[in-house]
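# A look at the structure
Listed below, chain by chain, are the residues.
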Amino acid sequence: MKKSVFFGALAGAALAGGVAGAATLDDVKARGKMNCGVSTGLVGFAAPDANGNWEGFDVALCRAVASAVLGDANAVEFVPLTTKTRFTALSSGEVDMLSRNTTWTFSRDTDLKTDFTGINYYDGQGFMAPKELGVTSAKDLDGATVCIQTGTTTELNLADFFRANNISYEPVPIETNAEAQQQYLAGACDVYTTDASGLAATRATFEDPTAHVILPEIISKEPLGPLVRHGDNEWGDIVRWTLNALIAAEELGITSANVGELGSAAGDNPEINRLLGTEGNLGEMIGLDADWAKRAIAAVGNYGEIFEKNIGENTPIGLARGLNAQWTNGGLIYAPPFR
Amino acid sequence: MSTVTDPEQASFRLSMLLNDTRYRSLTFQAIAAILLALAFWYLGNNLIQNLRAAGLNISFQFFGEPSGYDINQRLIEYDSQSTHGRAAIVGILNTLLVAFLACLTATVFGVFAGVLRLSNNWLVRKLMSVYVEIFRNIPVLIWIIIIFTIMTAVLPAPRAFRGDEPEATMLFGAIAFTNRGIYIPAPVWGPGSIVVVLTFVASVVGVIAYRRYATKMLYAEGKLLPMAWPSLAIFFLPSVIMYFLLGRPIGLDYPELGGFNFRGGLQIGAPLIALWFALSIYTGAFIAENVRAGIQAISKGQTEAASALGLRPGRVMNLVILPQALRVIIPPLISQYLNITKNSSLAIAVGYADITATLGGITLNQTGRAIECVLLLMLFYLTISLLISAGMNVYNNSMKLKER
Amino acid sequence: MADTHAHSVAFARKTQIPPSPPPASETGVIKWLRQNLFATPANSALTLVAIWAIYSILAGTVPWLLNGVWSTASLSECRDALQGEVGACFSVLSERWNQLLYGFKYPSDQYWRPNLAFLLLFFAAAPVLFFDLPRKLLIFTGLYPFIAFWLIWGGSILVPIVALLGFVAGFVVFDRYGKQSFATGFFGAIVAAFVIWTLGGIVIPDTASENAMLSQVPSRDLGGFMLNLMLGVTCVSLSLPLGIVLALGRQSDMPLIKGICVIFIEFIRGVPLITLLFVASVMLAYFFPPDSTVDLFLRVVIMITMFSSAYIAEVIRGGLAALPRGQYEAADSLGLDYPQAMRLIILPQALKISIPGIVNVAVGLFKDTTLVSVISMFDLVGMIRGPILASTEWNGVYWELFSFAAMLFFIVCYGISKYSQWLERRLATDHR
């Protein structure tokens, strides 16, 4: 009895120590570290490498926010969360922000009391099938066995799609992506469905990726983005505008290579100047210093660089920009003006 | 020394609350009650504050709303338009189904291994103790995953049955073992099939009655009536005759390869089989130990006495040892059943839609109502456990009465 | 007699015949085989079936084991190295060895710390497990939790020292006053300990951990088999005292206390551990004060400790019930009060009877620590199902990883259960 009290007191002091009040920004600054919820391992988006360092598209956003707020891209505690624990972890204050390929939906934004602060990846649910099956459209899948990774919106989309097309299917819910792959490759299910980005990432790891096709139908909209607790708008603004800064940086041609040069003195482009803090006081308005965006871009690069480095066409994941190209290139990625 | 306190003067003093054994228990209970109330108040207060801060509330309304997801293994009608409540019921039924099946087979495995562990055959004895030790000392979660992986990797996919020279064939042309599950013929109930079923039920009753009668004859008049053949005859013949008389009202619907899958027949899904088998073989190892302990608890004199009466070894076991050992075996056996029910919650590792996977899994994820879902989940398991414990107490009491 | 008899017959052997060897079928290997393997036809059939079973298992696994590849960097390289032959890719074990044992985040230059803590565990556990060792060694057992905590988590050494001081103060107070009145001593001890801890909390500066001798490791970075071992050891040792209290409470004749204990025990025993872990991961955070967060590791330790204490309480209750009534009466007639009777007479005997049961609970609990993988903690199973199988290099290696995990658990659990059997035999002779 006594012992557990001791342990609680001790561990409470030594291990947790964290305090999550109303003002997340102050907490993060006081702590000197930001807690960022990520997925438990999805290659390209958030996965620990062989040395245990977290890498990926979602991870880069955490690092960007940490460098904007704390000036150190490594001042992040990555908290791996399952689909089940992610919202509780956020609302109970265990993490300061969630960057865990989470789909922005109405009920999550309202009923679960979270705030989505933007979209960093436009995804959609697709199907992958072996070529030898001869399937060319998802509408041919009548009676098929479908592997799904549980705990996401994918189950609901799948049910809606098959219902709307009035065809039958048999769902096989699987806990992790790795196990779903195993089932799929062994033929225990005919098709595998998850977000198209995930399908591409999964297919990239197969022995013979060309033996599998990704069907043309995208059956859902999956805008993935970071989210924060409802009600702390200052913190929400920081996360939102850090993401926007990365996006705007690509549009304006600011890269991690030239950000030091561009940000050293005011240049010709006033928007670059405002973004990098050489003109105006945007940083002050969100409670940070003038160099916040400069640090974020210097730490992880602009949106395009992050994309290319983690999930772009030269990586094993090999995703094309597609919808995620800048609006100037026909995509949907668009940052509001910095002024 | 001379001033002896007057014993009459034992009026109540405050210190007696601590020092007098008559009142001290009241003090302690009062303290305990206060502490308990404080703890509840503290936790409840924190909960309310936290929920208010997060803007959440406790509500069970989601139970009436459409769930939006499909479940592949279901005993009652269910589709994605059904409510979350119905999904939970599907889950409950699935939990009970796998627990029931696993209890049956675990008992068979356990009794088998337990008896064989005491066999005269050295090799068999060692083999069984290897089985027991291996399964008892490795976590059940690892077993469930391993067995599911074996099923997926070793059994052929339905695809393998296709083509002119398929890699896999169906057993007797009727049963297909695939990594999606086992497909067996399903009965088709034609008109008049009810008569056949009733005949069958009647013949089961008949077999029991005959065996009772034979036992009675044995004890009362010492006549040994043949057991095996008449039992078999009563069991099968009337039903078979009735079946042909009525023109084969019960047909079989054979599974056939069609489209992506086998169609028709009855499918027993791979997750169900993996979970069922893993739970049975894991718990079987524990039951084997209980059975062995139970048998060894019967003194050797009983075996010797039975042998001296000229009973064959098999009969010694069946007629003398097991009936006595059961009294020792059954209480731990029932607590193993309880463990099976609780361990079936690991179904989420293989994607079997039990209550933990529906209510505590997908419903929780979709609605985000963590507190409500987890509370209900615990309530369900608690109810099941208490029911089984109650059953066990009834059994224990009935056994006690027979003791002399 | 002997003489007359010797003269009346024609021949009498004077010496004993040297015993002739028994027939071949009744000696050595053959006799053993006949008796143990082929006694009856049914038995022979069983033997043949068993031999066939062993053969088919070995035929499947031995080539796979012997052909194993130990030194490739990924699954595809391993498949190339095997060239289509049957064989295991054990290189996943050699490549991810550290991850499997320590998780993927524990700083790799600090591995000696958990190793040392693990080694010291044997010294700490020895006097508890083997009664023959000198009792003085128990002092080390008492110190061990603090040493292990410091070794594994690192940070300021002041933290474990203050914690230890709190216990020492509590013990001193109890020793001083407990003799007159148990209650005074007990509550005094708790107060003393808390005073020391509070003072310590004020004295230790917040920055003490930053430049400590051992760098601080957050508990989120613990993982692998180390996490299983830590959860198992911590929770079992924490739940022992709690279990004793619950067992005594359940036997108490104070209805309220008895009721609380019964409800707690039956509730915990009635639900699966996994639901309690869900409570730890998704619910417990709501029950802590609004402005604090409690580490997931600690939350899980709390829930598993509650879980195992309920089971241990039932084992100890069995031990208490097995003591003859006379022991209680003898204690009463000596004029001992309840705490004295329990401490000096009842509990030492009851605990001794319960040890095998407690060990069984401990083994079960240790196996159940794998369930934390379901709530995104990276224990051994979590590491395998998560980062390792999800990585591009090792996607698709199942048998090697899961057999390795099974083997580790088997070694530990089998060792403990052998100890328990040894103990049972020993205790049995003591009672005769």
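### Quick notes on the domain arrangement of chain C
One can read the domain layout of chain C as domain 1 (24-66) and domain 2 (73-106 + 221-427). If you average the C-alpha positions of domain 1 of chain C and of domain 2 of chain C, the two centres end up 38 Å apart.

### Quick word on the domain arrangement of chain B
According to the domain assignment, chain B consists of domain 1 (14-54), domain 2 (84-185 + 254-402) and domain 3 (186-253). For domain 1 of chain B versus domain 2 of chain B, the separation of C-alpha centres amounts to 44 Å.

### A few points about the packing of aromatic side chains
Counted according to the given criterion, the structure contains 49 aromatic pairs over all chains. With 6.0 Å between their ring centres and 85° between their planes, A:Phe57 and A:Tyr121 make a pair best called edge-to-face. Of this pair, A:Phe57 sits in helix α3 (residues 57-70) while A:Tyr121 sits in strand β7 (residues 121-123), and the two are 64 residues apart along the sequence. Like A:Phe57, the residue A:Tyr121 is buried in the burial classification. Aromatic rings pair up to connect A:Phe45, A:Phe57, A:Tyr121, A:Tyr303 and A:Phe307 into one cluster. When the ring centre of C:Tyr311 is taken as reference, the NZ or CZ atom of C:Arg269 above it lies at 5.5 Å. The ring centre of C:Tyr328 lies 5.1 Å from the NZ or CZ of C:Arg325, which sits over that ring.

### Structural notes on the packing of α3(A) against helix α9 (residues 233-252) of chain A
Residues and elements named next belong to chain A. Two elements in contact, α3 and α9, have axes whose closest approach is 10 Å; the angle formed by their N-to-C orientations is 110°. Comparing their axes, α9 and α3 come out roughly perpendicular. Here the hand of the crossing between α3 and α9 comes out right-handed. In this structure, α3 contributes Leu61, Ala64, Val65, Ala68 and Val69 to the contact, and α9 contributes Trp235, Ile238, Val239, Thr242, Leu243 and Leu246. A per-class count over the contact of α3 with α9 returns 10 nonpolar, one polar and no charged.

### Observations regarding the interface of chain B and chain A
Taken residue by residue, the interface counts 38 residues in chain B and 37 residues in chain A. Each partner contributes to the roughly 3,100 Å² buried at the junction of chain B and chain A, and carbon and sulfur atoms together form 48% of this total. Ranking the residues of chain B by area buried against chain A places B:Arg159, B:Phe260 and B:Asn365 at the top, with a combined share of 23%. Across the chain B-chain A interface, the total number found is one salt bridge. Among the ionic pairs, B:Arg180 bridges to A:Asp190, the shortest N-O distance being 2.5 Å.

### Some words on unusual backbone geometry
Its identity is not glycine, yet A:Lys113 carries a phi of approximately 60°, on the positive side. Residue position: A:Lys113 is located in the loop between α5 (106-110) and β6 (114-116).

### Focus on the pattern of salt bridges
Here the structure, examined in full by the defined rule, presents 16 salt bridges over all chains. Across the pair B:Glu289 and B:Arg292 runs a salt bridge whose closest N-O atoms are separated by 3.2 Å. With B:Glu289 and B:Arg292 both in helix α8 (residues 270-297), this residue pair falls three residues apart, about one helical turn. In this structure, C:Arg250 engages C:Glu266 in a salt bridge whose closest nitrogen and oxygen atoms are separated by 3.2 Å. Of the two residues, C:Arg250 is situated in helix α11 (residues 224-251) and C:Glu266 in helix α12 (residues 255-270); the sequence distance between them amounts to 16 residues. Among the charged side chains, a network of salt bridges with common partners joins C:Arg250, C:Glu266, C:Glu314 and C:Arg317.

### Here we look at empty space enclosed by the protein
Overall, the coordinates contain eight cavities of 30 Å³ or more when judged by the stated rule. Reported here for the second largest cavity is a volume of approximately 340 Å³. Elements that contribute at least two residues to the lining of the second largest cavity include exactly β4 (76-81) of chain A together with α14 (296-322) of chain C. The biggest single contributor to the lining of the second largest cavity is β4(A), with five residues. Of the residues belonging to the lining of the second largest cavity, the class tally is 14 nonpolar, six polar and seven charged.

### Structural notes on the confidence of the model for chain B
For chain B, mean pLDDT is 83; residues scoring 70 or higher make up 93% of the total. No element of chain B has a lower mean pLDDT than helix α1 (residues 16-19) of chain B, which averages 67, and none a higher one than helix α3 (residues 84-116) of chain B, which averages 92.

### Focus: the state of the cysteines
Residues and elements named next belong to chain C. Applying the stated criterion across every chain, the model contains three disulfides over all chains. Between Cys78 and Cys89 runs a disulfide, and the two sulfur atoms are separated by 1.8 Å. When the S-S torsion is -95°, as for the bridge of Cys78 with Cys89, the disulfide is left-handed. Taken together, the residues span a long stretch of sequence, with Cys78 in helix α4 (residues 75-82) and Cys89 in the loop between α4 and α5 (91-95) at a distance of 11 residues. Across the pair, Cys89 and Cys78 agree in class, each one buried.

### Topic: the interface of chain B and chain C
Contacts between chain B and chain C engage 52 residues on the former and 54 residues on the latter. Counting each side, the surface lost to burial between chain B and chain C is near 4,800 Å², with a carbon and sulfur contribution of 76%. Looking only at chain B, the three residues that lose the most surface to chain C are B:Gln29, B:Asn137 and B:Met378, adding up to 12% of its buried area. Linking chain B to chain C there are zero salt bridges. For the pair chain B and chain C, the interface holds 12 residue pairs in polar contact (both at pLDDT 80 or more). Of all the elements in the fold, those that place two or more residues in the side of chain B that touches chain C are α2 (21-54), α4 (122-136), α5 (140-154), α8, α11 (355-367) and α12 (370-402) of chain B. Top contributing element to the side of chain B that touches chain C by residue count: α2(B), with 13 residues. When the residues that make up the side of chain B that touches chain C are grouped by side-chain class, the tally is 36 nonpolar, 13 polar and three charged.

### So, the environment of C:Cys235
Residue and element names in this part refer to chain C. Residue position: Cys235 is located in helix α11. For the pair Cys235 and Met303, spaced 68 residues apart in the sequence, the C-alpha separation amounts to 9.0 Å. Ignoring sequence-local partners within four residues, the contact set of Cys235 consists of Val301, Ile304, Thr305, Ser308 and Leu365.

### Section: helix α7 (residues 177-185) of chain A
Residues and elements named next belong to chain A. Burial runs high along α7: eight of the nine residues are buried. Those residues of α7 that fall on the buried side of the exposure criterion are Asn177, Ala178, Glu179, Ala180, Gln181, Gln182, Gln183 and Tyr184. At the exit of α7 stands Gly187, carrying a positive phi of roughly 85°.

### Some details on the sheet that holds strand β11 (residues 191-195) of chain A
Residues and elements named next belong to chain A. One open sheet accounts for five strands, arranged β10-β9-β11-β8-β12; its pairing is mixed. Edge positions in the sheet fall to β10 (169-174) and β12 (212-214), since each has one partner strand and no second. Averaged over all pairs of adjacent strands, the angle between their axes in this sheet comes to 25°, without regard to strand direction.

### Focus on the nonpolar core
Membership of the largest hydrophobic core comes to 191 residues, with the highest contact counts inside it found for C:Leu222, C:Phe297, C:Val300, C:Leu320 and C:Leu401. If we ignore the near neighbours within four places in the chain, the residues touching C:Leu401 are C:Val92, C:Leu93, C:Leu100, C:Ile384, C:Ile388 and C:Leu389. Grouped together as the second largest cluster of nonpolar side chains are 61 residues, A:Ala66, A:Tyr121, A:Ala201 and A:Leu246 included.

Conventions and cut-offs
Residues numbered from 1 in each chain as written. Chains lettered and ligands numbered in written order. Predicted model: local features only at pLDDT ≥ 70, side-chain atom pairs only at ≥ 80, totals over all residues. Heavy atoms only, no water. Domains from an automatic or database assignment. Phe/Tyr/Trp six-rings, centres within 6.5 Å; stacked < 30°, edge-to-face > 60°. Helix = DSSP H or I, 4+ residues; strand = E, 2+ residues; numbered from the N terminus. Buried < 20%, exposed > 50% of the residue type's maximum accessible area, 1.4 Å probe, protein only. Lys NZ or Arg CZ within 6 Å of the ring centre and 35° of its normal. Axes fitted to C-alpha atoms, helices over the stretch in contact; angles between N-to-C directions. Parallel < 35°, antiparallel > 145°, perpendicular 65-115°, else oblique. Left-handed = near helix turned anticlockwise from the far one by under 90°. Contact = heavy atoms within 4.5 Å. Nonpolar A, V, L, I, M, F, W, Y, C, P; charged D, E, K, R; others polar. Buried area = accessible area lost by both parts, 1.4 Å probe. Salt bridge = Lys/Arg side-chain N within 4 Å of Asp/Glu carboxyl O. 1 Å grid on protein atoms, 1.4 Å probe; cavity = no way out; pocket = protein on both sides within 12 Å on 5 of 7 lines; lining within 4 Å. Points joined across faces, edges and corners; volume = space filled by probe spheres on them. pLDDT = per-residue confidence, 0-100. Disulfide = S-S within 2.5 Å. Polar contact = N/O pair within 3.5 Å; in protein donor to acceptor, adjacent residues only side chain to side chain. Pairing = 2+ DSSP bridges. Core = buried A, V, L, I, M, F, W, Y, C linked by side-chain atoms within 4.5 Å.

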